[in-house]
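Reading the structure
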Amino acid sequence: MSRQELEDASDHLRRAAERAEGDTREKLGEQAHRFADAANRENGPDHGWLDRHTHVVRELATDLDEEGQEQVEAAVERINAYRETVPGV
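Residues numbered from 1 in each chain as written. Predicted model: local features only at pLDDT ≥ 70, side-chain atom pairs only at ≥ 80, totals over all residues. Heavy atoms only, no water.

**Observations concerning the environment of Asp63**
Here is the rule we go by: Secondary structure follows DSSP: runs of H or I at least 4 residues long count as helices, runs of E at least 2 residues long count as strands, and numbering of each begins at the N terminus. For every residue, the accessible area obtained with a 1.4 Å probe (protein chains only) is divided by the maximum for its type, and the residue is called buried under 20%, exposed over 50%, and partly exposed between those limits. Under this definition, polar contacts are N or O atom pairs within 3.5 Å; protein pairs additionally need one hydrogen-donor-capable and one acceptor-capable atom, and for neighbouring residues in sequence, both atoms have to be side-chain atoms.
Relative to the helices and strands, Asp63 is located in the loop between helix H3 (47-61) and helix H4 (66-83). Judged by its relative accessible area of 54%, Asp63 falls in the exposed class. Between the C-alpha atoms of Asp63 and Arg83, which are 20 residues apart in sequence, the distance is 25 Å. A polar contact is formed between the side chain of Asp63 and the side chain of Thr24, at a distance of 3.2 Å.

Structure below.
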């Protein structure tokens, strides 16, 4: 399974965080860190983890401008590409 998709998702979330303010900025930065960490773990995240965190970043996107929302959607696309390689569900 390629972890590059999770690293790319993390990068997109960092760029989205740069466009955010306050609590949203902090939470997106935290999500970026979580995806970067997941990309570097020996055992990658499972479907449940990916689903929970994808939901969080989509919720945070509602507080962003158009460019920030586009960064989140690009991150979600990368997460989904990784998710296709995860066995199970």
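**Focus on the nonpolar core**
Stated formally: Side-chain atoms within 4.5 Å are what join buried Ala, Val, Leu, Ile, Met, Phe, Trp, Tyr and Cys residues into a set we call a nonpolar core.
Judged by nonpolar contacts, the single largest core of 23 residues is most densely connected at Leu6, Leu13, Leu28, Phe35, Leu50, Leu64 and Val72. At the level of elements, helix H1 (4-18), helix H2 (22-40), H3 and H4 are the ones that each hand at least two residues to this core.

**Examining the pattern of salt bridges**
To keep it simple, the criterion reads: Salt bridges are defined by distance alone: a side-chain nitrogen of Lys or Arg within 4 Å of a carboxyl oxygen of Asp or Glu.
Per the stated rule, a full pass over the model turns up 8 salt bridges. The partner of Asp11 in a salt bridge is Arg14, and the shortest N-O contact between them spans 3.3 Å. Of this pair, Asp11 and Arg14 both sit in helix H1, 3 residues apart, roughly one helical turn. Judged by its relative accessible area of 37%, Arg14 falls in the partly exposed class. The shortest N-O distance in the salt bridge between Asp37 and Arg41 comes to 3.7 Å. Asp37 sits in the partly exposed class, given a relative accessible area of 39%.

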